[in-house]
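# Residue-level structure breakdown
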Protein chains: 2
Amino acid sequence: MSLPPKKKAENGTPKIWDFMRTHDSVAILIFNTSRQCFVVVKQFRPAVYMCEMERNHPQNFEYKDQESWCPLTDHLPASLGITYELCAGIVDKPELSLEELACKEVLEECGYEVPITNLKKITSYRSGVGVTGSKQTLFYAEVTDEMKAGEGGGQPEEGELIEVIEIPLQDSMNFALDETFPKTMGVIFSFMWFHTNVTPTLLKQ
Amino acid sequence: MSLPPKKKAENGTPKIWDFMRTHDSVAILIFNTSRQCFVVVKQFRPAVYMCEMERNHPQNFEYKDQESWCPLTDHLPASLGITYELCAGIVDKPELSLEELACKEVLEECGYEVPITNLKKITSYRSGVGVTGSKQTLFYAEVTDEMKAGEGGGQPEEGELIEVIEIPLQDSMNFALDETFPKTMGVIFSFMWFHTNVTPTLLKQ
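Residues numbered from 1 in each chain as written. Chains lettered and ligands numbered in written order. Predicted model: local features only at pLDDT ≥ 70, side-chain atom pairs only at ≥ 80, totals over all residues. Heavy atoms only, no water.

## Examining the pattern of salt bridges
Note that side chains of opposite charge can pair when their charged atoms are close. Residue and element names in this part refer to chain A. What counts is decided by this rule: Within this document, salt bridges are pairs made up of a side-chain nitrogen of Lys or Arg and a carboxyl oxygen of Asp or Glu, the two lying within 4 Å of each other. Counting from the N terminus, the helices are the DSSP runs of H or I reaching at least four residues and the strands are the DSSP runs of E reaching at least two. A simple rule labels every residue: compare its accessible area, found with a 1.4 Å probe on the protein chains alone, to the largest value its type can have, and call it buried under 20%, exposed over 50%, or partly exposed in between.
Enumeration according to the criterion identifies 14 salt bridges over all chains in this entry. Two residues, Glu166 and Arg35, come together in a salt bridge whose shortest N-O distance is 2.7 Å. Placement of the pair is Glu166 in strand S9 (residues 162-168) and Arg35 in the loop between strand S3 (25-32) and strand S4 (37-44), with a sequence separation of 131 residues. According to the relative accessible area criterion, Glu166 is partly exposed, its value standing at 34%. Given a relative accessible area of 41%, Arg35 falls into the partly exposed group.

Following this line, the structure appears as structure tokens:
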């Protein structure tokens, strides 16, 4: 997945930059109208765990250039690597549209069979501009309990182990801004987007 | 900077994961009250450029495993690698607080000498959970024209080449949601945060 550093001249000065080649992705803010809650996923992230490992045991990272290096001499609870995220997936099937991929992820990860017409594109942006630079397109999907077609949880055969979490609408902004729940900016941004763009409509109904 | 893949057993299944070791970071939403505009930065991102290169010339990436591989046979305009971002920097000076680092970045990149008391922490989140997993803390800084102490532009000796851009408040949400301006989610989220949390106060004044 990683590429060798490439040289790039900018302003006449050669520059070397490390980066990783990754896929574009889709992310989906899911709101269950039957129970007025957001549906997000919770999963173990090896990269987050390693960050916490280094934060807690910086001395273990001093010998990282050695062949036999292993930072896992003092184990930390796996919970330190857990993050709350939007349902999301990479764009790796050229035959499917972004909307089709988004529906597929909602089904695989969260168990809802959502019609493509229930998807609304919010916007797109660049993620990880420092190292990956890929584009993520963010969708909003309204679901109901009737659309529940499975348990979700991702594809265990691909190593996915995903817990589906419901966040009640009335708790959502407290959750979004509470730093004791580690999460991606996608969760915070999309909850705020919902409160600005969707909540006023809900109140009218 | 990159580490070898590590094995991690989850649910009893061994898992191999590529990731990069990166630093935590700070990002700052800057609002100039003298001229009622946001101050953001614009810069060339090698990783974004390579993504666009692959999107436009996928055939050049077919031989990527060869020793002599070079994807740059057809050049694309450098503008395809340009993104709009919040002023930001990595946390690489243990002797400085996050607030002090944020003030330093505002001065280096945007040229404003901002008192630490003008900084307000918005929240923190995990960035790039798939590959880096580091934590970013987001601040809000109000500045005035009187605080202008330099041109900004980053540190050319470290290879930074940053353009300082002002986005008028009244155009900011259109800018945030206009996908023809490639940008990070940080820009979109923080502009929306401002409109929800700061604009009401401005209107009262």
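Having seen the structure, we can now continue with the description.
## A word on the packing of aromatic side chains
What counts, and what does not: Two aromatic rings from Phe, Tyr or Trp, using only the six-membered ring of Trp, form a pair when their centres are within 6.5 Å; if the ring planes differ by under 30 degrees the pair is stacked, by over 60 it is edge-to-face, and anything between is tilted.
For the coordinates displayed, the defined rule picks out 22 aromatic pairs over all chains. Consider the rings of A:Phe31 and A:Phe194, whose centres lie 4.5 Å apart with planes at 45°: the pair is tilted. With A:Phe31 in strand S3 and A:Phe194 in helix H4 (residues 185-197), this pair connects stretches of sequence that are 163 residues apart. The pair A:Phe31 / A:Phe194 is uniform in exposure class, with both members buried. Ring centres of B:Tyr84 and B:Phe181 lie 5.7 Å apart, and the angle between their planes is 85°; on these two criteria the pair is classed as edge-to-face.

## Examining the side chain of B:Ser124
So the rule is basically this: Pairing of N or O atoms within 3.5 Å defines a polar contact, subject to two protein rules: one partner must be a possible hydrogen donor and the other a possible acceptor, and residues neighboring in sequence count only if both atoms are side-chain atoms. Contacts between residues were defined by any pair of non-hydrogen atoms, one from each residue, lying within 4.5 Å.
Its place among the elements puts B:Ser124 in strand S7 (residues 119-126). Of note is the side chain of B:Ser124, whose polar atom sits 2.6 Å from the side chain of A:Glu179. Apart from the residues lying within four places of it in its own chain, the contact partners of B:Ser124 are A:Glu179, A:Ile188, B:Lys135, B:Gln136 and B:Thr137.

## Some points on the environment of B:Val106
All names here are of chain B. Of note, Val106 is situated in helix H2 (residues 98-110). For Val106, a relative accessible area of 0% puts it in the buried group. Separated by 60 residues in sequence, Val106 and Pro46 have C-alpha atoms that sit 23 Å apart. With sequence-adjacent residues up to four places away left out, Val106 is seen in contact with Ile28, Ile30, Cys87, Gly111, Tyr112 and Val114.

## A look at helix H1 (residues 46-56) of chain B
Of all eleven residues in H1(B), eight are buried; the element is thus mostly enclosed. Listed in full, the buried residues belonging to H1(B) are B:Pro46, B:Ala47, B:Val48, B:Tyr49, B:Met50, B:Cys51, B:Glu52 and B:Met53.

## Observations regarding the packing of H4(A) against helix H4 (residues 185-197) of chain B
Going by this rule: Fitting a line to C-alpha atoms yields each axis, with helices limited to the stretch in contact; the angle taken between N-to-C directions then spans 0 to 180 degrees. With respect to orientation, any angle under 35 degrees is reported as roughly parallel, any angle over 145 as roughly antiparallel, any angle of 65 to 115 as roughly perpendicular, and every other angle as oblique. When the near helix sits turned anticlockwise from the far one by under a right angle, the crossing is termed left-handed; a clockwise turn instead gives a right-handed crossing.
Interhelical geometry of H4(A) versus H4(B) gives an angle of 40° and a closest axis separation of 10 Å. The angle between H4(A) and H4(B) places the two elements in the oblique class. Classified by chirality, the crossing of H4(B) by H4(A) is left-handed. Where H4(A) abuts H4(B), its residues A:Met185, A:Gly186, A:Ile188, A:Phe189, A:Met192, A:Trp193, A:Thr196 and A:Asn197 lie against B:Met185, B:Gly186, B:Ile188, B:Phe189, B:Met192, B:Trp193, B:Thr196 and B:Asn197.

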